[in-house]
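Residue-level listing of the chains:
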Amino acid sequence: MAADTNIRPGTNKAKQSQVLEVIEQNKLKYAAALNVSSSQVPWVWISEIERNRTTISTYIPDHIITIDHKQKCVVLTILGTRVYPAPQPLDIIMDLVGTTEPFLGGEGHAGMVFGTRNLVATAVPKVVSELEKHPGYSLLILGYSLGAGLAQLLTMELELGKSNDRLPSGTEITTIGYGSPPVFTSNTTIPILENIFLVQNNNDGISGASLRNVNDVFLKTSAIDKLNYKRRLLLKMLLSDVNPDEFQETIEKNNITLSNFDLTDTKDGVEWIDFSELTNEDQKSNYEEIVEDEESDDDTFHVEEDIWQEVDRVVSNIPLSEEPYLHHVGETFLVIKRKDDNSDAEVKNYQGLNQTDLFSQQLLFS
């Protein structure tokens, strides 16, 4: 993304007296990447501008305002969790503070609620100023990862909160979030905004990344571990809905190694797997053993029904988490899938709370 690769480099290493100069240079690169004048990038905020903001309650997420005259819109881009050129710890902390905080009559992801409040204080006045300078322009909010979660909450605030009164009358808002976590819950009604569009890669599980779901996965994993199943059985269970022929093609294509792991027993009896000593021959022999011995009549790996019933029983009895399920507030949820590098992308369209909850209510692993 042009914003990430052009705006952030060099800021983390710059002396405080040089930060604004580095950002100005980066802004020129960013404008060139967008093929616009630097005057069309009136505002850039990078956290190094004020390094004394050391808690998420005061931390302002990185963001940029761009003016798109062709589309007649003011664009607010909220950047995602910074990992390049160096990690930003407060971005990561903001992601991980997954408890909830009061927000617009409900509860929001706490870290992102703090970030949204600080965007309201810092970015929104700049957005309003640009909208007033350009009558009739709409507002486009873009975000990815952490920025996508913040974009959802900020759009709620601009549509349903007190900040709505600050926008010029009749301002249209469109929000597009890429790889967004769920962000909001309520004991009454979950607002679903038709102007929020969420885009998700088919292999990305961040759409269900909430404290509730992470805790559920941990408890379920612990419950299954206590059944003391052999690793060979666990592998068959993982592959139970996979066609062995298709799986073999994937193994050969990606040179994946499966087995003959080195095992060590911990004091509490948990079996740990060391992947460091794997070989192609190990993979081949183990794969052939599983496929030849365990392939069922319906061309899948066979696991006895009583095993599945036992697993279902233990995971169904885990204690309920005190953390609430969080939801997406966008009406449209697009999932993009590409079978291989040579095929066109397939896009599935999910609409409304019932369908977006298919992604927000569980943590998916691809």
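Preceding this section is the structure that the text describes.
First, a word on scope: everything that follows refers to the structure included in this document.

### Things to note about the side chain of Glu-157
- Inspection of the secondary structure puts Glu-157 in helix α5 (residues 146–160).
- Buried and without a salt bridge, Glu-157 has Arg-166 as its closest oppositely charged side chain, separated by 6.5 Å.
- In this structure the side chain of Glu-157 is engaged in a polar contact, spanning 3.4 Å, whose partner is the backbone nitrogen of Lys-162.

### Quick notes on the pairing of strand β9 (residues 193–201)
- By the bridge criterion, four bridges tie strand β7 (residues 173–178) to β9 in an arrangement that is parallel. Within β9, the residue paired with Thr-175 across the bridge is Ile-196.

### Thoughts on the side chain of Asn-6
- Mapping Asn-6 onto the fold places it in helix α1 (residues 2–7).
- Residue Asn-6 is classed as buried on the basis of its relative accessible area of 17%.
- The contact partners of Asn-6, leaving out residues within four places of it in the chain, are Asn-26, Lys-29, Tyr-30 and Ala-33.

### Remarks on helix α11 (residues 352–360)
- Turning to α11, its buried residues number three or more, namely Gly-352, Thr-356, Asp-357, Phe-359 and Ser-360. Viewed end-on, α11 has its buried residues packed into an arc of 150 degrees, placing them on one side of the element.
- Elements that come into contact with the buried residues of α11 comprise α6 (211–225), β12 (330–337) and β13 (346–351).

### Notes on the sheet that holds strand β8 (residues 184–185)
- Pairing is antiparallel in the open sheet, where three strands are placed in the order β4-β5-β8. The open sheet has two edge strands, β4 (100–103) and β8, and neither has a second partner.
- Of the strand pairs in this sheet, β4 and strand β5 (residues 106–109) are connected by four bridges, and their pairing is antiparallel. Bridge pairing links Thr-100 to His-109 in β5.
- Sheet strands in contact with helix α4 (residues 110–133) are β4 and β5, and its direction is about 40 degrees off that of β4.

### Considerations on the packing of aromatic side chains
- Inspection of every chain in the model, using the stated rule, returns three aromatic pairs.
- Judged by centre distance (6.4 Å) and plane angle (20 degrees), the rings of Trp-43 and Trp-45 are stacked.
- On the accessibility criterion, Trp-45 (5% relative accessible area) is buried.
- Measuring from ring centre to ring centre gives 4.6 Å for Phe-333 and Phe-359, while their planes differ by 20 degrees; the resulting arrangement is stacked. Here Phe-359 lies in helix α11 and Phe-333 lies in strand β12, a separation of 26 residues in the sequence. Take Phe-333 and Phe-359: they sit in the same class, and that class is buried.
- These aromatic residues form a ring-pair network of at least three members: Phe-333, Tyr-350 and Phe-359.
- Above the face of the Tyr-325 ring, Arg-212 is positioned so that its terminal group lies 4.0 Å from the ring centre.

### Notes on the sheet that holds strand β1 (residues 43–45)
- An order of β1-β2-β3-β6-β7-β9-β12-β13 is seen for the eight strands of this open sheet, with the pairing classed as mixed. Only two strands of the sheet have a single partner each, and these edge strands are β1 and β13. Neighbouring strand axes in the sheet, compared pairwise and without regard to direction, differ in orientation by 20 degrees on average.
- Pairing of β12 with β13, which is carried by six bridges, proceeds in the antiparallel orientation. What sits directly across from Phe-333, in β13, is Tyr-350.
- Contacting β1, β2 (63–68) and β3 (73–78), helix α2 (residues 19–34) runs over the sheet at an angle of about 45 degrees to β2.

Definitions and limits used
Residues numbered from 1 in each chain as written. Predicted model: local features only at pLDDT ≥ 70, side-chain atom pairs only at ≥ 80, totals over all residues. Heavy atoms only, no water. Helix = DSSP H or I, 4+ residues; strand = E, 2+ residues; numbered from the N terminus. Buried < 20%, exposed > 50% of the residue type's maximum accessible area, 1.4 Å probe, protein only. Lys, Arg positive; Asp, Glu negative; His and termini not counted. Salt bridge = Lys/Arg side-chain N within 4 Å of Asp/Glu carboxyl O. Polar contact = N/O pair within 3.5 Å; in protein donor to acceptor, adjacent residues only side chain to side chain. Pairing = 2+ DSSP bridges. Contact = heavy atoms within 4.5 Å. Arc of directions from axis to C-beta. Axes fitted to C-alpha atoms, helices over the stretch in contact; angles between N-to-C directions. Phe/Tyr/Trp six-rings, centres within 6.5 Å; stacked < 30°, edge-to-face > 60°. Lys NZ or Arg CZ within 6 Å of the ring centre and 35° of its normal.

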